[in-house]
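Observations on the three-dimensional arrangement
Listed here are the chains, written in short residue letters.
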Amino acid sequence: MEANDRTEMTVTWLKKHRLIYVGATRHPFILSIRDGSVDISAFKRWLGQDYIFVRAFVPFAASVLLKAWKESDDSCDVDVILGGIAALNDEVEWFKKEATKWSVALNSVVSQKVNLDYCRFLESLMSPDVDYTQAITAFWAIETVYQESFAHCLEDGSKIPDELKETCQRWGNASFGQYCHALQSIADRQLKKASDDVLAKAEVNLLRVLESEVEFWNMSRGEV
Ligand SMILES: Cc1ncc(CNC=O)c(N)n1
């Protein structure tokens, strides 16, 4: 590959940073859901913390939508992102229902440091100084880690406990996969025409997302 080949930048980056990507998408927590050995207290911790994260992810998604509307040459981007926001609306309700099922009191969950740091990072990406290319690349990466992780749980040979199937289906289903691919195409199109400076920043942000996702799973297992 030529050093300046910008075709499918996201694919190039995921190859380059494969170890951390695999760390985020094949984490022991995910593997334990897949093989049925998951510690239920870890699952409940994840549920409470992820609800806090998702609530911060909603305004981030809204900021990406705003940037798409202002900066994108293709009005379809707004539709893709709006679809993501609609899914988030369902997701917030799902978390409430799921929390009741597992007796997790969402309003008394205290955000852990890893989660606070990740939410603060999201907030930094909401700044108007961060351009659409950087924002959409981070957005794609965040959604894709969950899609890849939970889709792996659903692959052949899995022994997911019945009561966790819905969780895996939420992010592992085919239509969420298509949505992630649509985000990836948008990110690749934007990265192709970005300045070297924006490209460098987008890659740093991608690494930050992948590291944060690994830490989020570690936290869920009670390891931080
Ligand atoms: C920590 C984390 N990363 C990604 C997602 C998936 N995006 C929205 O739901 C999520 N829920 N939580």
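Above this text is the structure in question.
The text that follows walks through the structure, step by step, so that each part is easy to find. (Residues numbered from 1 in each chain as written. Predicted model: local features only at pLDDT ≥ 70, side-chain atom pairs only at ≥ 80, totals over all residues. Heavy atoms only, no water.)

Let us look at unusual backbone geometry. The phi torsion at E8 lies on the positive side, around 45 degrees, for a residue other than glycine. Mapped onto the secondary structure, E8 falls in the segment before helix 1 (9–16). On the basis of relative accessible area, E8 is assigned to the partly exposed category, the value being 47%. Unusually for a residue other than glycine, S103 sits at a positive phi of about 55 degrees. (Helix = DSSP H or I, 4+ residues; strand = E, 2+ residues; numbered from the N terminus. Buried < 20%, exposed > 50% of the residue type's maximum accessible area, 1.4 Å probe, protein only.)

Taken together, 13 residues sit near the ligand, with D50, E91, E143, Y146 and E213 positioned nearest. One of the side-chain nitrogen or oxygen atoms of Y146 is found 3.2 Å away from a nitrogen atom of the ligand. Measuring from an oxygen atom of the ligand, one finds a side-chain N or O atom of W171 at 3.3 Å. Protein burial of the ligand: of its 320 Å² of free accessible surface, 100% is covered by the chains. Put simply, the parts of the chain that give the shell around the ligand at least two residues each are helix 4 (40–71), helix 5 (76–101), helix 7 (132–154) and helix 10 (196–220). If you tally residues by element for the shell around the ligand, the top one is helix 4, at four residues. Of the residues assigned to the shell around the ligand, the class counts are nine nonpolar, no polar and four charged. (Near = heavy atom within 4 Å. Polar contact = N/O pair within 3.5 Å; in protein donor to acceptor, adjacent residues only side chain to side chain. Areas by Shrake-Rupley, 256 points an atom, 1.4 Å probe, with all protein chains shown as cover. Nonpolar A, V, L, I, M, F, W, Y, C, P; charged D, E, K, R; others polar.)

Residue placement: G36 occurs in the loop between helix 3 (28–34) and helix 4. Through-space distance from the C-alpha of G36 to that of C153 is 9.7 Å; in sequence the pair is 117 residues apart. Here G36 is in contact with K159 and P161, once residues within four sequence places are set aside. (Contact = heavy atoms within 4.5 Å.)

Moving on: the packing of aromatic side chains. In total, this model carries 24 aromatic pairs according to the counting rule given. Ring geometry for F43 and W46: centres 5.4 Å apart, planes at 40 degrees, overall tilted. Here W46 and F43 lie together in helix 4, a separation of three residues that amounts to about one turn. Across this residue pair, the class does not change: F43 and W46 are buried. Relative to F95, the ring of W94 has its centre 5.1 Å away and its plane inclined at 75 degrees; by these criteria the two rings are edge-to-face. (Phe/Tyr/Trp six-rings, centres within 6.5 Å; stacked < 30°, edge-to-face > 60°.)

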